[in-house]
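In case you want the letters, here they are:
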Amino acid sequence: MTSAVTRTGNPGLFDPITLRSLELPHRGWVAAMCQYSCDPDVAAGVPTDWHLVHLGQFATGGAALIITEAAAVSHEGMISPRDAGIYTQEQADAWRRINDFVHEHSAVGTKTAVQLAHAGRKASTYWPFSGRHNSVPASDGGWETLGPTEEAFGKYAAPRAMTEEDIDGVIRDFGRAAVLAVDAGFDAMEIHAAHGYLLHQFLSPLVNTRTDGWGGSEESRFRLTLEVIREVRRVIPETMPLLLRISASDWTEGGIDGAVSARLAKCAAEEGVDFVDVSSGGAVPAAPIPVGPGYQVALAEEVRTSGVPTGAVGLISDPHQADAVIRNESADVVLIARAALRDPHWWMRAAHELGHEFVPVPQYERAGGF
């Protein structure tokens, strides 16, 4: 089964899109946003009421697809001790509660995707609002991290270079997490291979200096990501879309660029990926990223030349800006994050500004036009 992008002429933000059997009412999605709000003293990696309210508001606000924050496929894959996970039944049960709410309380039929992740050498770090920085020591609940080599990310603790057994274990972890996620009621999966986390670490020549079958050539650097895709695709329903988030540029000479990413997208599609969520950066510290409105749109457009549907993300906040990205065929979907935090009903307001009829949930009908 292949992906199908629904087009009538040039589609806009509020035209539908279909990926495998998943029909979405429009092309405005929620990008993954880490919340660092699980309580490791109560239950490690288990989503809480915070996650229910945080994600639920986007459903009542009219988002077509909500992609969760990074959900670690193992404890050692967590970015911080307060990260969410999807490696235990207790975590899956908590995610199901959230999925049930989203599916029940949306006027547009909002769907959910879980972002399966492993932080690699960027794991076991303090959460952003802890007041502390860099790696969490074992005395404060930290753990040994893994990476392609023993080279550290900036001032983080040095990881242990992964063995073949470690690599095989990570591939299995992604598969087991995907099984739990299906059971938890998610509508789609997203594999996180961006932002300097484990799969991106193996993809980037700036990080992966291995000389075995998992590093060196482009083919070998792609290998772990493609193996993970195969394993996840193997265990999820044929009808379920599989998304891949990538960093399409390392913004550093000698690193990944748009052309490499287009080749990766094509290889990923051959293994069953239906959509590429195009972000950038994160492999190395202090990369000169030209941050500005829509600064990653050109990367999404270049990756789209592979023939795989793409999503653009990154400081896209104005509805007309988002609509133009899709109408200009730079991307097939626009994902927003910060704008959604500022306005959880962004999609209702965007529809009003763009002249589309948008029916709110019954509880909000008295508010009138947005």
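You'll find the structure just up there.
Our subject in this report is the structure included herewith.

All right, on to the packing of helix α6 (residues 258–270) against helix α7 (residues 297–304) then. It is the contact of α6 with α7, at a shortest axis distance of 8 Å, that shows an interaxial angle of 45 degrees. Between α6 and α7, the interaxial angle falls into the category oblique. Between α6 and α7 lies a crossing whose hand is right-handed. Here G258, A259, S261, A262 and A265 of α6 lie close against α7, whose contacting residues are L299, E302 and V303.

Along its twelve residues, helix α1 (residues 49–60) runs 16 Å from first to last C-alpha, staying within 8% of the 16 Å computed at 1.5 Å per residue. The set of residues buried in α1 consists of H51, L52, H54, L55, G56, F58, A59 and T60. In this fold, the buried residues of α1 make contact with β3 (28–30), β4 (65–72), α2 (89–104), α9 (338–342) and α10 (346–354). Capping of α1 at its N-terminal end is provided by T48; its side-chain oxygen lies 3.1 Å from the backbone amide nitrogen of W50.

What follows concerns the nonpolar core. Counting 101 residues, the largest nonpolar core has W29 and L116 as the members making the most contacts within it. If one sorts the elements of this core by residue count, helix α3 (residues 164–183) sits on top with eight residues. Not counting chain neighbours up to four residues away, the residues in contact with L116 comprise A71, V73, I86, F174, A177, A178, M189, E190, I191, H192 and V232. Judged by nonpolar contacts, the second largest core, of 13 residues, contains A117, W127, V136 and W143.

Each value, and the rule that gives it
Residues numbered from 1 in each chain as written. Predicted model: local features only at pLDDT ≥ 70, side-chain atom pairs only at ≥ 80, totals over all residues. Heavy atoms only, no water. Axes fitted to C-alpha atoms, helices over the stretch in contact; angles between N-to-C directions. Helix = DSSP H or I, 4+ residues; strand = E, 2+ residues; numbered from the N terminus. Parallel < 35°, antiparallel > 145°, perpendicular 65-115°, else oblique. Left-handed = near helix turned anticlockwise from the far one by under 90°. Contact = heavy atoms within 4.5 Å. Expected span 1.5 Å × (residues − 1). Buried < 20%, exposed > 50% of the residue type's maximum accessible area, 1.4 Å probe, protein only. Polar contact = N/O pair within 3.5 Å; in protein donor to acceptor, adjacent residues only side chain to side chain. Core = buried A, V, L, I, M, F, W, Y, C linked by side-chain atoms within 4.5 Å.

Everything listed here is a matter of coordinates, which is why it stays silent on function.
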